[in-house]
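Listed below are the residues making up each chain.
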Amino acid sequence: MQSETVPDRATRTMTLEAFADTIVPGVKRSPEDRAIAGAADDDGAVVAGAVELLETPAAGVVDGLDSLTVMLNGHATDYAAEHGLELDDDVPPFVALSYEHRIALVARLVAPGHPEKDGWVALALFSNMAFDTGAHLHTLDAMAQGHPGLRSMKFAQPDADGLWRFPAYSYGRPLARRHPGTTPSGNPA
Amino acid sequence: MTSTESTDVLIVGSGFGGAIAAYHLAAGGAKVTVLERGPWLESKDFEHDYLLGSSYTRIFDFVVGDGMSLLGGNCVGGGSVVYFAAMPRAPRFIFERKGSIGRRMWPSAINRDTLDPWYDKVSEALPITKQDWDEVTYAGGLFAAACNHAGRTANPVPVAIDTKLCTNCNWMMAGCKFDAKRSLLLNYLPAALAHGAEIRPLHEVQKLVRTEDGGYRVSYNVIHDVDYRVSVGSGEIDAKIVILAAGAGATPVILQRSEDTLGKMPHAVGRYFSGNGERLNTAIIDEDKARDLLGLSREDNLSYAANQIGKGPCVASWDNLDGSLPEFSRFCLEQLYFPPGFGTILAQTPDALPGTPTWFGAEKKKIVEQWQSWLTIFSMTEDDNEGVFGTPPPTGNAVRISQQMLGRGPIRYNPTENTLYGWRQADAAVKAIMEKDGLSKVMPWTNDVVGAYTVHPLASCRIGDDPETSALDDRHELRGHPGIFVTDGSAVPGALTVNPALTIAALAERAIPGIVKALRDRGVDVTYGAPSPDGETSGRRGVAPLVRDLVRD
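Thresholds, definitions, all that
- Residues numbered from 1 in each chain as written.
- Chains lettered and ligands numbered in written order.
- Predicted model: local features only at pLDDT ≥ 70, side-chain atom pairs only at ≥ 80, totals over all residues.
- Heavy atoms only, no water.
- Helix = DSSP H or I, 4+ residues; strand = E, 2+ residues; numbered from the N terminus.
- Rg over C-alpha atoms; globule rule 2.2 N^0.38 Å.
- Contact = heavy atoms within 4.5 Å.
- Areas by Shrake-Rupley, 256 points an atom, 1.4 Å probe, with all protein chains shown as cover.
- Lys, Arg positive; Asp, Glu negative; His and termini not counted.
- Charge placed at Lys NZ, Arg CZ, Asp CG, Glu CD.
- Buried < 20%, exposed > 50% of the residue type's maximum accessible area, 1.4 Å probe, protein only.
- Core = buried A, V, L, I, M, F, W, Y, C linked by side-chain atoms within 4.5 Å.
- Pairing = 2+ DSSP bridges.
- Axes fitted to C-alpha atoms, helices over the stretch in contact; angles between N-to-C directions.
- Phe/Tyr/Trp six-rings, centres within 6.5 Å; stacked < 30°, edge-to-face > 60°.
- Lys NZ or Arg CZ within 6 Å of the ring centre and 35° of its normal.
- Buried area = accessible area lost by both parts, 1.4 Å probe.
- Salt bridge = Lys/Arg side-chain N within 4 Å of Asp/Glu carboxyl O.
- Polar contact = N/O pair within 3.5 Å; in protein donor to acceptor, adjacent residues only side chain to side chain.
- Arc of directions from axis to C-beta.
- Expected span 1.5 Å × (residues − 1).

Q: Can you help me understand the overall build of chain B in this one?
A: Tallying secondary structure elements over chain B gives 13 helices and 19 strands in all. For a compact globule of 553 residues, the expected C-alpha radius of gyration is about 24 Å, and chain B comes in at 22 Å, within 12% of that figure. The principal-axis extent of the C-alpha atoms belonging to chain B is close to 75 × 50 × 45 Å. Here the analysis covers contacts within chain B between residues at least 6 apart in sequence; of these, 75% occur between residues at least 24 apart. As presented, chain B carries roughly 17100 Å² of accessible surface, and 49% of it is formed by carbon and sulfur atoms. Placing the 54 positive and 66 negative side-chain charges of chain B at their respective mean positions leaves the two points 2 Å apart.

Q: For this particular structure, what's the right way to read the environment of Gly 343 of chain B?
A: All names here are of chain B. Following the sequence through the fold, Gly 343 ends up in the loop between β12 (332–336) and α10 (362–368). A relative accessible area of 2% means that Gly 343 is categorised as buried. The spacing of Gly 343 and Trp 371 is 28 residues in sequence and 9.9 Å in space, taken between C-alpha atoms. Here Gly 343 is in contact with Phe 338, Trp 374 and Trp 445, once residues within four sequence places are set aside.

Q: Could you clarify how one ought to interpret the nonpolar core in this entry?
A: For soluble globular proteins, nonpolar side chains are generally found buried alongside one another. All names here are of chain B. Counting 236 residues, the largest nonpolar core has Phe 16, Leu 25, Val 32, Trp 106, Leu 375 and Met 434 as the members making the most contacts within it. Looking at this core, the element that brings in the most residues is helix α12 (residues 501–521), giving 13 residues. When residues no more than four places from it in sequence are discounted, the contact partners of Leu 25 are Val 9, Ala 30, Val 32, Ile 243, Ile 512, Ile 515, Val 516, Leu 519 and Val 526. Core analysis: the next-biggest nonpolar cluster, separate from the first, contains 11 residues, Met 68, Phe 273, Phe 389 and Trp 423 among them.

Q: Is there a simple way to think about the sheet that holds strand β11 (residues 315–317) of chain B in this case?
A: Paired through backbone hydrogen bonds, the strands of a sheet run either parallel or antiparallel to each other. Residue and element names in this part refer to chain B. Spatial ordering of the open sheet is given by β5-β11-β12-β13-β10-β17, a layout of six strands whose pairing is antiparallel. Looking at the sheet topology across the chains shown, the edges are occupied by β5 (155–156) and β17 (440–444). In this sheet, β11 lies alongside β5 in antiparallel orientation, the contact comprising two bridges. Among the inter-strand pairings, Pro 156 is bridged to a residue of β11, identified as Val 315. Against the sheet, helix α5 (residues 138–149) touches β10 (278–285), β11, β12 and β13 (374–380), its axis set at about 25 degrees to β11.

Q: Explanation requested: the packing of aromatic side chains in the structure shown.
A: How two aromatic rings sit relative to each other is given by the distance of their centres and the angle of their planes. If you walk through the whole model with that rule in mind, you get 21 aromatic pairs over all chains. Between the aromatic rings of Tyr 171 of chain A and Tyr 138 of chain B, the centroid separation amounts to 4.9 Å while the plane-to-plane angle is 70 degrees, which identifies the pairing as edge-to-face. Of this pair, Tyr 171 of chain A sits in the segment after α9 (148–152) while Tyr 138 of chain B sits in helix α5, each in a different chain. Ring pairing ties together the aromatic residues Phe 155 and Trp 164 of chain A together with Tyr 50, Tyr 56, Phe 60, Phe 62, Trp 171, Tyr 337, Phe 342 and Trp 371 of chain B, which thus form one cluster. The ring of Tyr 138 of chain B has Arg 298 of chain B lying over it, and the distance from NZ or CZ to the ring centre is 4.6 Å. Sitting over the face of the ring of Tyr 272 of chain B, Arg 462 of chain B holds its NZ or CZ atom 4.2 Å from the ring centroid.

Q: Just checking my understanding: could you explain the interface of chain B and chain A for this structure?
A: A common measure of how large an interface is: the accessible area buried when the components associate. If you look at the interface, chain B gives 76 residues, while chain A gives 69 residues. The largest share of the area that chain B buries against chain A comes from Leu 52, Trp 133 and Lys 365 of chain B, three residues that together contribute 12% of it. Summed over the shared surface of chain B and chain A, the result is three salt bridges. In this structure, Arg 178 of chain A and Asp 132 of chain B form a salt bridge, with 3.4 Å as the shortest nitrogen-oxygen distance. Looking at the side of chain B that touches chain A, the elements with two or more residues in it are α5, β5, α10 and β16 (406–413) of chain B. The dominant element in the side of chain B that touches chain A, judged by the number of residues it contributes, is α5 of chain B, at six residues.

Q: Sorry, what's going on with the side chain of Ser 170 of chain A here?
A: Residue position: Ser 170 of chain A is located in the segment after α9. Separated by 3.3 Å, the side chain of Ser 170 of chain A and the backbone oxygen of Trp 133 of chain B make a polar contact. Among the polar contacts listed, one links the side chain of Ser 170 of chain A to the backbone oxygen of Val 136 of chain B, at a separation of 2.6 Å. Residues in contact with Ser 170 of chain A, not counting those within four places in the same chain, are Trp 133, Asp 134, Glu 135, Val 136, Thr 137 and Tyr 138 of chain B.

Q: Looking at this model, I keep getting lost on the pattern of salt bridges. Mind explaining?
A: Pairing of side chains with opposite charge becomes possible as their charged atoms draw close. One pass over the full model with this rule turns up 42 salt bridges over all chains. Glu 55 of chain A is the salt-bridge partner of Arg 12 of chain A, the closest N and O atoms lying 2.9 Å from each other. A residue pair is termed long-range when its members are at least 10 positions apart, and Arg 12 of chain A in helix α1 (residues 9–23) and Glu 55 of chain A in helix α3 (residues 50–55) qualify at 43 residues. For Glu 55 of chain A, a relative accessible area of 25% corresponds to the partly exposed category. Put simply, Arg 92 of chain B and Asp 113 of chain B hold a salt bridge, and the shortest N to O gap is 2.9 Å. Placement of Arg 92 of chain B in the loop between α3 (79–82) and α4 (112–125) and of Asp 113 of chain B in helix α4 is noted, with a sequence separation of 21 residues between them. You can call Arg 92 of chain B partly exposed: its relative accessible area is 42%. The exposure class assigned to Asp 113 of chain B is partly exposed, which follows from its relative accessible area of 47%.

Q: Hey, could you run me through helix α9 (residues 287–294) of chain B in this one?
A: Structural remark: α-helix, 3.6 residues per turn; residues separated by three or four positions point the same way. All names here are of chain B. By the burial criterion, the buried members of α9 are Glu 287, Ala 290 and Leu 294. Summarising the axial view, the buried residues of α9 lie within an arc of 75 degrees, below the 170-degree limit, and thus occupy one face. For α9, the secondary structure elements touched by its buried residues are α5 and β10. Structurally, the start of α9 carries an N-cap: the backbone nitrogen of Asp 288 is 3.0 Å from a side-chain oxygen of Asp 286. Where α9 terminates, the next one or two residues include Gly 295, which has phi positive at roughly 70 degrees.

Q: What's the story with the environment of Ala 90 of chain B in this structure? I'm lost.
A: Inspection of the secondary structure puts Ala 90 of chain B in the loop between α3 and α4. When residues no more than four places from it in sequence are discounted, the contact partners of Ala 90 of chain B are Phe 95, Arg 112, Tyr 119, Leu 496, Val 498 and Thr 503 of chain B.

Q: How do you make sense of the pairing of strand β7 (residues 203–210) of chain B when you look at a structure like this?
A: Successive side chains on a regular strand alternate, one facing one side of the sheet and the next facing the other. Residue and element names in this part refer to chain B. As paired elements, β7 and strand β8 (residues 216–223) share seven bridges and run antiparallel to each other. When the bridges of β8 are listed, Lys 207 appears paired with Ser 219. The turn joining β7 and β8, which pair antiparallel and follow one another in sequence, is formed by five residues; a positive phi near 90 degrees is taken by Gly 214.

Q: How should helix α1 (residues 16–27) of chain B be read in this particular structure?
A: All names here are of chain B. With 12 residues, α1 extends 16 Å from end C-alpha to end C-alpha; this agrees with the ideal 16 Å at 1.5 Å per step. The buried fraction of α1 is high, at 11 of 12 residues. Along α1, the residues that are buried comprise Phe 16, Gly 17, Gly 18, Ala 19, Ile 20, Ala 21, Ala 22, Tyr 23, His 24, Leu 25 and Ala 26. Among the residues trailing α1, Gly 29 stands out with phi positive, at a value near 115 degrees.

Q: Sorry if this is basic, but what is going on with unusual backbone geometry here?
A: A negative phi angle is the norm for most residues apart from glycine, just as the trans form is the norm for most peptide bonds. Residues and elements named next belong to chain B. Here the bond from Leu 126 into Pro 127 is cis, since omega is -10 degrees, no more than 30 degrees from zero. Along the chain, the position of Pro 127 falls in the loop between α4 and α5. Although it is not a glycine, His 476 adopts a positive phi angle of roughly 75 degrees. Following the sequence through the fold, His 476 ends up in the loop between β18 (452–454) and β19 (484–486). A relative accessible area of 0% places His 476 in the buried class.

Set out below in structure tokens:
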């Protein structure tokens, strides 16, 4: 299915999707979906665009994705052996893991002291950013498309000119006593 | 024979340390050249957009080190363009701190009384204003009410924001589209330009070499305007005086890289780094409790649900800024906003099942869905100056990973028990306030992912009286290297327990008379005494009695 160093594109995409889905889980896109484990009941990082973001030149990690894919599947194979799990050959080894096992493996890879931590943390950061900000899209486009992360966070709609303004912003009344030592300029003493 | 450009003063960086120097020295008659590694954007260029490559990533820098990550500005105007403009003065006890060196960290010449006139000068220039409660955002109001409910005080924070222009959009980190934030783009920098200073963006200084006439030759790379990993040119400029103001994450790196040509650096260059003791907690507010316990209500029958609305920090609680308490137990707590991404990734779920992760996975996703009910609390504690810079990267201050923003830098930070104690005390105070009577659930951000983090890097090339533990004398001149001055956050001796921008700026103002003296000693016809950038003079009157001591031989 793949060489030692260069996975085919389908393997890479599926493996990266499974990783991103471990960071921000989503609902399966179809009953046959294997990359998404189905640990949530609405869309997660994959549908939010995690792989697109990872492959964006601006992110700067695209050249490492092949090797990270190979490494992740290698870790999954070792993890399965360690836990006596039999992996389904139809999908890459990491994809063949259940959500709980994916979580446990990723937790190990991103833990302080892991020699490859930088790479896995980078993957996790971009997976998160795909969901929390849609950083591969203009935010106005993301809002218009109903981007799953911004929608789930109830990110407010901008004004008609595409800028955010909040005319109502203050309770408008004193809500605490000021520190008795406050100086006339409003500073700590 | 090739000719190298020359200038009187070469300033590295255009944040507070660089812009203030550029203005005063240009106004005084010196030829001033500013090299800024980031781009030059103005209000029309700032975008409300999270897309990689928008103003947000063009002007912001995120450097991951070992045990510490640094966030800072990367543009003309530096930190002032991306910061939240909270401008409190450092409390009196800060100047008496000893840290772990067994003696006062600050130079004997500096205390709150002697710095106050310089604080006044900057406050006039930006300007800085007091906020009243009707300018405080929902998030600030909620924090104030929670403090009050817990028996604490809370204060609106002085800010460099024109609240009449502010739209409370909370996009401050991408640059202020509305010119409400009083960044250096609106005061010191245009005034410096008006007096003939030259600012060159996308010029990243690499190294300094001493010239035969006692000046310095500064070499730089020209950075690609989209892919900051790429250099598109290089050059050199000779200067009589060099002012390093590249930020606490970069100034020591430039000096370390120059050690083979400049000669031995003071021991404190690249040591004693402080992250300002910073720590963040996320509270997930129970909206019903906010109404019932705190009596809060706003439009649409909501009590809070306003995390997205605002202008960064508006309210702080100063009850623990008590000089009678022992060092490392004093801190302030400040309500803060961070946009999604920076503001969400490190937050931990309070409801993780045993053995499951706290910052990613299904439980984490559930709290992200409640994002509008988040309240971020920023703790600024006293850390132990334990950061050390390792071998400099080949260029800049980090090996850049992404085209913009993300890089891997040489800072190492292994928090001491003193620092950890301060964080624990602050975390406990946040928990006591925010979880009282079930108002919210609180968790600190994890330090397991990118280490600790700071938006206020300090002290990596600091002033002091002791040559063993300070790189600069009390006039900001680099020990053993006459004519090199440092005026940025790296000069601040240690954590301040409050936002440090005003203190950095005040110290830069205070350093100028000494730099003018150094220029005059080198034959440059320059004077000191320019008014505020917009012409006000009360700040100048206030510092006049202090200037003589700063120009002594």
